[in-house]
Amino acid sequence: MARALIHMPATAKRGEVIEIRALIGHPMETGYRVGADGKLLARDIIRSFVCRYNGEQIFGAELHQAISANPYIAFFTQVTESGTLEFKWDGDNGFTHTETMTLTVSAT
Amino acid sequence: MKRRDLLAAGAGMAMLALARPASATPAEMAAAINTFTGGAKPQPGKVKFDIAQLIDNGNAAPVTVSVDGAAENVRAIAIFTERNPQTEVAVFTLSPRSGKAEVSTRIRLATSQRLMAVARMSDGSYWSHGVDVIVALAACIEGEAP
Amino acid sequence: MKRLLLGCLLIAGVVQAADERRSGAEFMSPATQAMQRDDAQNPAMLWTAAGEAQWNAVAGSSAKSCASCHGDARTSMRGVAARYPALDAGSGQVVNLGQRINICRERKQQAAPWKLESEELLGMEAYVAMQSRGMPVTPPQDAATQAAAARGKQQYFQRIGQLNLSCAQCHDQQWGKRLAGSTIPQAHASAYPTYRLEWQGMGSLQRRLRNCMSGVRAEVPHFGAKELVELEAWLALRDQGMKMETPGVRP
C-alpha cells in the first residue's frame, strides 16, 4: 500500500491560484542498478501522474527513470468551483494509487 | 571458424540487449528535444530552469521550471539531460487553468552535465533554458548490505 | 569549596565561551536545507505519516495500540526522544529509541518486535522523535547512561579500520574541509532517523555510523550492537543542548 501526501489549501477564493504539492513513496527503481547478487534490478517506476479537478484534467506528468525516488511534484491551478481533486499515479508492474482532496471555494 | 564468429556475434547482441549505454550524449539530447518539438528549434528565453549549480547528491536534486508570460499559453514543459543513462526526465502537461506555469520536482543526475528545460506554447513555439550543474558524491556510503 | 566554585565557573566558562557546534544541516546546500525545513517537501514525512498510522493501530495479542496507553503522541511523546539513549529499568540495559519502542511492543502489546532498521520501526521512531522537534537534546544523568556515554566517547576517539581513522579526526579536527567533494560535518546526531539522499530512503543513526565505519574500512558491528548504542549515548551527550531536528534530510 503506497503512502502519499498531498499539501494544498482546504479552502480558497474563486480565481485564486493555489499550489498543490504531491509526494508519494515509491523506489523508482531505474533498471540500471545492480543488486548485491550482481544481477540487474528490474525497472520499476511510476510512469504517469494526473490531477483531475471535478473530473477535468488540470495537470499531467509523464515520468522517466530520472525522477528521484519518492517522487515530489508541485504545480499550480487557478481555483474555479468547490469540489474534489483526484490524484492518480500509475506505473510499472500494475502500480496504481489514487488520493482525493476536497476544496471548498468561496466567492472573491 | 564460422560457428565461433556466430557465437561471438550472438554474445555481442545479448550484451546489447541487457546493457544500457553508460550515458546519453549531447546528440541524443538534441534528438530527444527534436522529438518533443516535432522538429521545431526551441529559442532560448522565457523559460527559467532553477537548480543549484552544485548538487549535494545526484540522487535527488530539487528543480523548478517556470515560464514567463500568461500561464494559459503554456501547454507543456519538458526536462532533458545530456549524460544520464536516459536523456528524457519528464514531460509536464499544463492546462489553460494552470494559473501559473511553474512545476517543481526532484531529479536524478548521474554526473556533472548540462540540462535543458523546453516549453511548448499554445502558438506552436518552443522556448528553452539550458543549465550546467556539478554533482558531488556522498561521503561514506554503504560498503556492505544493510 | 572555593576550588569547587572555581571549577564550576571554569566549566560554565568553557561551555559559554564559544559554542562552535553546528548542525549537519548547516553544511548542506540551500536546496537540501529547504527539503528538510518544508514538511510538504520532506520525503521523511512519508515515514512519519506511516508511523502515525501505526501509533493508532492495534498490535499483538493485547489488541492495544500505542494510543491506547499513550494517547495523543503530540503530548505524551513530547521531549521523549530528546532523552534517548536511556536506561531501560526492566532489562538493565541502555537502549536507543528504536529498541525502547520494541520493548514496549513486546512487553505491553505482546506483539513481535519489529526488525531493526525495518520500515515500520523507522516510521515509528521518526514519528515519536518528531514530537521532540525543536527541543534541546537532554541526555539522562543516571550512572548507567553516563557510563555508556563514557564508553562511547572512548570509541569516538579510537582509531579504527584500514584507514586508521577515528571519528574525532574528521569530525572534530577537519570539519568544514572537503572529503570527496562533500563538506565534512561535525557529526551531530540530532536529526535521526533521517532521509538520506544517498540511501534514497529513511535510516537510523546506527545505519549512518555503520556507513562511516565501512568508509574507513573497519569491521562493522551489527545493528543493535552494544558498542553502537554506546556511541549513540556519547553523541547525545556531545549534542547536549542542540535542537532536535528529526525527521532530518541529509545528502
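Since this is a predicted model, take the numbers as computed values, not measurements.

Per the secondary structure count, chain B includes two helices and nine strands. Reading chain B from its N end, one meets helices and strands in the order α-α-β-β-β-β-β-β-β-β-β. Long-range contacts, defined here as pairs at least 24 residues apart, represent 64% of the contacts in chain B between residues at least 6 apart. Of the roughly 7,300 Å² that chain B leaves accessible, carbon and sulfur atoms contribute 59%.

The next thing to look at is the packing of aromatic side chains. One pass over the structure, following the stated rule, counts 13 aromatic pairs over all chains. On the numbers, 4.1 Å between centres and 5 degrees between planes, the contact of A:F59 with A:F75 is stacked. Pair noted here: A:F59 is in strand β5 (residues 56-63) and A:F75 is in strand β6 (residues 72-78), with a separation of 16 residues, a long-range link. Exposure class is identical for A:F59 and A:F75. Each is buried. Ring geometry for C:F27 versus C:W175: centroids 6.0 Å apart, planes at 85 degrees, classification edge-to-face. You can see C:F27 sitting in the loop between α1 (2-17) and α2 (30-37) and its partner C:W175 sitting in the loop between α9 (167-171) and β3 (178-179), a full 148 residues away along the chain. For C:F27, a relative accessible area of 14% corresponds to the buried category. The structure contains a cluster of three or more aromatic residues connected by ring pairs, namely A:F49, A:F59, A:F75, A:F87, A:W89 and B:F92. If you follow B:R120 out to its NZ or CZ, it ends over the ring of B:F36, 4.3 Å from the centre. Positioned over the ring face of C:F223 is C:R210, at 4.2 Å from the centre of the ring.

With that settled, consider the pairing of strand β5 (residues 74-81) of chain B. Sheet faces and side chains relate simply in a regular strand, where the side chains alternate between the two faces. Residue and element names in this part refer to chain B. A large share of β5 lies buried, amounting to seven of its eight residues. Across seven bridges, β5 lies against strand β8 (residues 113-121) in antiparallel orientation. Looking at the pairing, I79 lines up with A117 of β8. Relative to strand β6 (residues 88-93), β5 runs antiparallel, the two being bridged by five bridges. Directly across from F80, in β6, lies its bridge partner E88.

Moving on to the confidence of the model for chain C. Within chain C, residue pLDDT values average 94, and 93% of them lie at 70 or more. Here the predicted complex scores 0.90 on pTM and 0.96 on ipTM.

Let us look at the sheet that holds strand β7 (residues 102-107) of chain B. The strands making up a sheet are joined through hydrogen bonds of the backbone, oriented either antiparallel or parallel. Overall, antiparallel pairing links the six strands, which are arranged β1(A)-β3(A)-β6(A)-β7(B)-β4(B)-β2(B) in an open sheet. The strands lining the two open edges of the sheet, one partner per strand, are β1 (4-7) of chain A together with β2 (47-51) of chain B. Neighbour-to-neighbour, the strand axes of this sheet turn through a mean angle of 15 degrees, independent of strand direction. Across five bridges, the pairing between β2(B) and strand β4 (residues 61-67) of chain B is antiparallel. By the bridge assignment, B:F49 is partnered in β4(B) with B:V65. Against the sheet, helix α3 (residues 45-55) of chain C makes contact with β1 and β3 (17-24) of chain A, and its axis sits at roughly 110 degrees relative to β1(A), the strand it touches most.

On the chain A side, the residues contacting the 13 residues of chain C number 12 residues. Linking chain C with chain A are one salt bridge, by the criterion used here. A salt bridge links C:D38 to A:R21, with the nearest nitrogen and oxygen atoms 2.6 Å apart. One can count three residue pairs in polar contact (both at pLDDT 80 or more) joining chain C with chain A. Tallying contributions element by element places α3(C) first for the side of chain C that touches chain A, with five residues.

Applying the stated criterion across every chain yields a total of 20 salt bridges over all chains. Measuring nitrogen to oxygen at the nearest pair gives 4.0 Å for the salt bridge that ties A:K39 to A:D37. No difference in accessibility class separates A:K39 from A:D37, as the two residues are exposed. The partner of C:K226 in a salt bridge is C:E230, and the shortest N-O contact between them spans 3.2 Å. Of this pair, C:K226 and C:E230 both sit in helix α11 (residues 226-238), four residues apart, which is roughly one turn of the helix. Put simply, A:R43, A:R47 and A:D92 are held in one network by salt bridges that share partners.

So, how was this worked out
Along each chain, the written sequence defines residue order, and numbers are assigned to residues from 1. Each chain is given a letter, starting from A, and each ligand a number, starting from 1, according to the order in which they appear as written. Whole-chain, interface and lining totals are the exception, using all residues; otherwise, since this is a predicted model, local features are given only for residues with pLDDT of at least 70 and side-chain atom pairs are given and counted only at 80 or more. Where side-chain values are given, they derive from all heavy atoms of the structure, hydrogens and water being excluded. Here a helix means four or more residues in a row that DSSP labels H or I, a strand means two or more in a row labelled E, and each is numbered from the N terminus. A contact between two residues is defined here by any heavy atoms of the two lying within 4.5 Å. For the accessible areas, the method is Shrake-Rupley and the probe is 1.4 Å, while residue cover comes only from the protein chains on display. Here the aromatic set is Phe, Tyr and Trp, taking the six-membered ring for Trp, and pairing holds for ring centres within 6.5 Å; pairs whose planes are under 30 degrees apart are stacked, those over 60 apart are edge-to-face, and all others are tilted. When accessible area is computed with a 1.4 Å probe and restricted to protein chains, residues below 20% of their type maximum are described as buried, those above 50% as exposed, and intermediate ones as partly exposed. Here, a charge over a ring is recorded when the distance from Lys NZ or Arg CZ to the ring centre is within 6 Å and its angle to the ring normal is within 35 degrees. A pair of strands is labelled paired if DSSP reports no fewer than 2 bridges between them. The pLDDT score gives, residue by residue, the confidence of the prediction method on a 0 to 100 scale. Fitted lines through C-alpha atoms give the axes, limited to the stretch in contact for helices. The angle between two N-to-C directions lies from 0 to 180 degrees. By definition here, a salt bridge exists when the distance from a side-chain nitrogen of Lys or Arg to a carboxyl oxygen of Asp or Glu is within 4 Å. Counting of polar contacts relies on pairs of N or O atoms within 3.5 Å, with two restrictions inside protein: one atom must be capable of donating a hydrogen and the other of accepting it, and residues adjacent in sequence are counted only when both atoms are side-chain atoms.

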